[in-house]
Amino acid sequence: MKFSNLFGKTQKNISTNAESISHQLMLRAGFILQIAAGVYAYMPIAYKAFRKIENIIRNELNKSGAQEVHMPALQPVDLWERSNRKESYGPVLFQLKDRRERELVLGPTHEEVITQMVKSNVESYRDLPLNLYQIQVKFRDEARPRAGLLRGREFHMKDAYSFDMDQNGLDKRYDQMVEVYKSIFQKCGLPVLVVQADSGAIGGKDSQEFILTTDVGEDTIIYCDSCKYVANSEKAVFLHEELPIEDELNLTEVLTPSVKTIEDVSKFFNSDTKKTIKSVMYMINDELVMVSIRGDLEINEIKLSNIFKGKDLRLATDEELIKSDLLPGFISPVGLHNITKIHFLFDNSLKTGNNFISGGNKPDSHYSNVNIPRDILVSEFNDLALADVGYKCTECVNTLSTTKGVEVGHVFKLGTSYSESLGAFYTDEDGSQKPILMGCYGIGVGRVLAAAIEQNHDEKGIIFPPEISPYQIHLVGINLNDNAVAESCNSIYNNLYDNDYEVIFDDRDESAGVKLADADLMGFPIRMVVSLRSLKNNSVEIKLRSESESFLVEINKLEEYLSSIR
RNA sequence: CGGGGCGUGGCGCAGCCUGGAAGCGCACCUGCAUGGGGUGCAGGGGGUCGCUGGUUCAAAUCCAGUCGCCCCGACCA
């Protein structure tokens, strides 16, 4: 490729709206063009990188025995009604009508369609197992697309769907896919964290996420330095510090004017936040839910939502509380156990400890010396706490650490929910009808590209991992007006090209500074400069993008050098 | 969905408050010079100021509506 023919220019001025590094760099390098909110066009260079990632995924999956299929983006809405996901996706689902007023959706994912495909082609246990995948565009009307390719409304995703006869088969397939994923990311040159994840609204038991660690990640990962424990903070568990056992003192009501927050309360009582009980009111399914947790901990709303099977949840408003005779700032479960319209939940952290401080359920009032079960009836404790840095690991009792990351892959065990709701059954050896066990395995292709840039850059630009770099060699001719330079460049370029090196030759009539800056910005692994200076030594100057020093290689030894690092 | 902001040559912005001939930088075109870190000089082309309506002798500027985009939060396989 000659740079002068390349479609797409690097930019000096990019929108101040681009916040994330990968978004900025991709705009500056002329990789992508925004067409609408969360909708991007890919220029040739970006698309080359994109195809590299796709092909690595494709090769690894094919090797594992999976088969590639293609599915429609346009899907009838009734498929989504049958799987009950029209409602659960809500406004995120792009919907449209055709000229006959038939309702359609733009697929945000393809479980429904693949299940339909399998249903019409699988009848017997002899047809199983199957592992099918697609690499296609998907649509989600995200409330807030952001950060360029990291969260778009139209995006490319590889989704694989597995179909097994029984749980054992699914478990094996799932483990196999985790290994395939590890090798995919390794082949992309990207170090990935495999973390335990919440399976979210899609359901299913086991679930793991593949995370590229970066500063701008939307996910918070909790990990243990000394054992292997790694989990998304949505899912992470930790060891609760057991409080020392004290003698139970008498429940006492204390006047606490305008003392409302946990911080105020612990200050007022000159006590640790660990000795307080925080009670937070949520609305779930139009029902008031009181969640009580030790004051030093935060509530994990994902865990909470899972108790209600993933139903929507929000904090109750002050008006709703007052309507139910609850006083914001002074709420606690003490003395309320007879109120049936409130659903009470208690975090595991309240299993131990005595003489807590909690709200008084009266204006300007708190209780001290609250004891469970003496003062609060608890039928059941749940894990409702958000893990954070500094807490103890449940596996090895060491301190947990935290890091930010971008989710680039996610694997689920779906079980039989789709096969049952959409009627994908097979006949087993004994003649009985059984639902097919499904798994699903996704990788966001554009997100991998963006996250790779997020993870690999410096102040000058991108530093592509060679495995996914659009070009391997960036040949720069400086002072091409000089015949010797021009001839040398052309001969080197033709030679590399003929020997199947992925090379781009900057043949533009631009100053050295412009060309070198563009080379740094685009970030291909090997930069080769040919100039009067290098030719004095019969050499080209080579600089690896990942290194800071350059060196000369004689032109007649170039081939030798390149094959040594290939 | 709540809060805030922005739409002016291809891109990034100023002008709007206080109405009166549409500007700057980058990019682009031409020429000359330069030739190892976004080089210099000279010349040039390109915008019905998002859209609709209103006020006014006169609207990029004021008013109303509308569409689009962005940021924070909520939300999110």
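It should be noted that the structure appears before, not after, this text.
As the structure is a computational prediction, the values presented were derived from the model and not from experiment.

Let's talk about the overall build of chain A
Broken down by element type, chain A carries 15 helices and 31 strands. Principal-axis analysis of the C-alpha atoms gives chain A an extent of 95 × 65 × 50 Å. In chain A, the proportion of contacts linking residues at least 24 apart, taken out of those at least 6 apart, comes to 70%. Taken as a whole, chain A presents about 27100 Å² of accessible surface, with 48% of it coming from carbon and sulfur. Looking at charge distribution, chain A has the averaged site of its 62 positive side-chain charges lying 3 Å from that of its 83 negative ones.

As for the protein's contact with RNA strand B
Around RNA strand B sit 47 residues, and of these Asn13, Arg144, Arg151, Asn481 and Ser531 come closest. Among the atoms of RNA strand B lying within 4 Å of the protein, the sugar-phosphate backbone contributes 45%. One of the side-chain nitrogen or oxygen atoms of Asp520 is found 2.4 Å away from a base nitrogen of RNA strand B. Between RNA strand B and Arg533 there is a distance of 2.6 Å, counted from a sugar or linking oxygen to a side-chain nitrogen or oxygen. Of all the secondary-structure elements, those providing two or more residues to the surface near RNA strand B are strand S1 (32-36), strand S8 (154-164), strand S21 (400-415), helix H13 (512-522), strand S29 (526-530) and helix H14 (532-536). By residue number, the principal contributor to the surface near RNA strand B is H13, which donates 7 residues.

Thoughts on the sheet that holds strand S20 (residues 381-382)
Here we have 5 strands laid out as an open sheet, ordered S16-S14-S15-S17-S20, and mixed in their pairing. Either end of the sheet is taken by a strand with one partner, and the two such strands are strand S16 (313-315) and S20. As paired strands, strand S14 (residues 277-284) and strand S15 (residues 287-294) are joined by 8 bridges and run antiparallel to one another. Note that in S15 the partner of Tyr282 across the bridge is Val289.

Scoring rules and cut-offs
Each chain has its residues counted from 1, following the order in which its sequence is written. Chain A is the first chain written and ligand 1 is the first ligand written, with later ones labelled in order. Side-chain atom pairs in this predicted model are given and counted only at pLDDT of 80 or more, local residue features only at pLDDT of at least 70, and totals for whole chains, interfaces and linings cover all residues. Side-chain measures here rest on the full set of heavy atoms in the structure, leaving out hydrogens and waters. Helical segments are the DSSP runs of H or I of at least four residues, strand segments are the runs of E of at least two, and each set is numbered from the N terminus. Note on contacts: a residue pair qualifies if any of its non-hydrogen atoms lie within 4.5 Å across the two residues. Working definition of accessibility: Shrake-Rupley area with a 1.4 Å probe, residue cover restricted to the visible protein chains. Counted charges follow a simple rule, with Lys and Arg positive, Asp and Glu negative, and His plus the chain ends left uncounted. For this purpose, a charge sits on NZ of Lys, CZ of Arg, CG of Asp or CD of Glu. Nearness of a residue to a molecule or strand requires only that one of the residue's heavy atoms be within 4 Å of it. Residues adjacent in sequence count toward polar contacts only when both atoms are side-chain atoms; beyond that, a polar contact is any pair of N or O atoms within 3.5 Å, and within protein one must be able to donate a hydrogen and the other to accept it. When DSSP finds two or more bridges between a pair of strands, those strands are recorded as paired.

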